[in-house]
Amino acid sequence: MTIYEEILKSIQSYKSTKRHLTSLGKFYNRTEDQLLKNNLYAVLQFLTIWIESSKDTTPKCLVQVKAVPIKKLVKYLGAVIPSKKPEWQIIALREGWTPTNS
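Here the structure is a predicted model, which means the values were calculated and not measured.

1. Regarding the environment of Lys 55
- Relative to the helices and strands, Lys 55 resides in the loop between helix H3 (34–53) and helix H4 (68–80).
- Placed 38 residues apart in sequence, Lys 55 and Thr 17 show a C-alpha to C-alpha distance of 9.9 Å.

So this is what it looks like as structure tokens:
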């Protein structure tokens, strides 16, 4: 399972906002994909503000939350997951690397 699939699975699960924040923070620290990092950072900021302004501890599926940062993350994941490529290859292709035909 790629990191992209792991993140999608994580945000599709029902957890408290704090648990989502913790798990997405771990993915943020683990990834080297700068576009993914940017999307995760925006979601982490959103969740931090949400936690500070709300005392709601009801488990949530983030995919169902209608917030722009989450929608952008889901859109990005939806674009890279179908390729089934590992993170290093997605980054390399974005930087101009082309695989050789052996």
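From this point on, the discussion continues.
2. Things to note about the pattern of salt bridges
- Taken as a whole and judged by the stated rule, the model has three salt bridges.
- For the salt bridge of Lys 84 with Glu 5, the shortest nitrogen-to-oxygen distance reads 2.7 Å. In this pair, Lys 84 is assigned in the loop between H4 and helix H5 (87–94) and Glu 5 in helix H1 (residues 3–12), connecting sequence segments 79 residues apart.
- Exposure remark for Glu 5: the relative accessible area of 17% places this residue in the buried category.
- Note that Glu 6 is salt-bridged to Arg 30, the shortest N-O span being 3.1 Å. Taken together, the residues span a long stretch of sequence, with Glu 6 in helix H1 and Arg 30 in helix H2 (residues 17–30) at a distance of 24 residues.

3. A word on H3
- Over its 20 residues, H3 extends 29 Å from the first C-alpha to the last, a length consistent with the 28 Å expected when each residue adds 1.5 Å.
- Those residues of H3 not exposed but buried are Leu 36, Lys 37, Asn 39, Leu 40, Val 43, Leu 44 and Leu 47. One face of H3 carries all of its buried residues, which in axial projection span an arc of 160 degrees. Opposite its buried face, H3 presents the exposed residues Ile 49, Glu 52 and Ser 53, each directed more than 90 degrees away.
- Considering only its buried residues, H3 is in contact with H1, H2 and H4.
- Looking at where H3 begins, the residue whose side-chain oxygen comes 3.0 Å from the main-chain nitrogen of Leu 35 is Asp 33.

About the thresholds
- Residues numbered from 1 in each chain as written.
- Predicted model: local features only at pLDDT ≥ 70, side-chain atom pairs only at ≥ 80, totals over all residues.
- Heavy atoms only, no water.
- Helix = DSSP H or I, 4+ residues; strand = E, 2+ residues; numbered from the N terminus.
- Salt bridge = Lys/Arg side-chain N within 4 Å of Asp/Glu carboxyl O.
- Buried < 20%, exposed > 50% of the residue type's maximum accessible area, 1.4 Å probe, protein only.
- Expected span 1.5 Å × (residues − 1).
- Arc of directions from axis to C-beta.
- Contact = heavy atoms within 4.5 Å.
- Polar contact = N/O pair within 3.5 Å; in protein donor to acceptor, adjacent residues only side chain to side chain.

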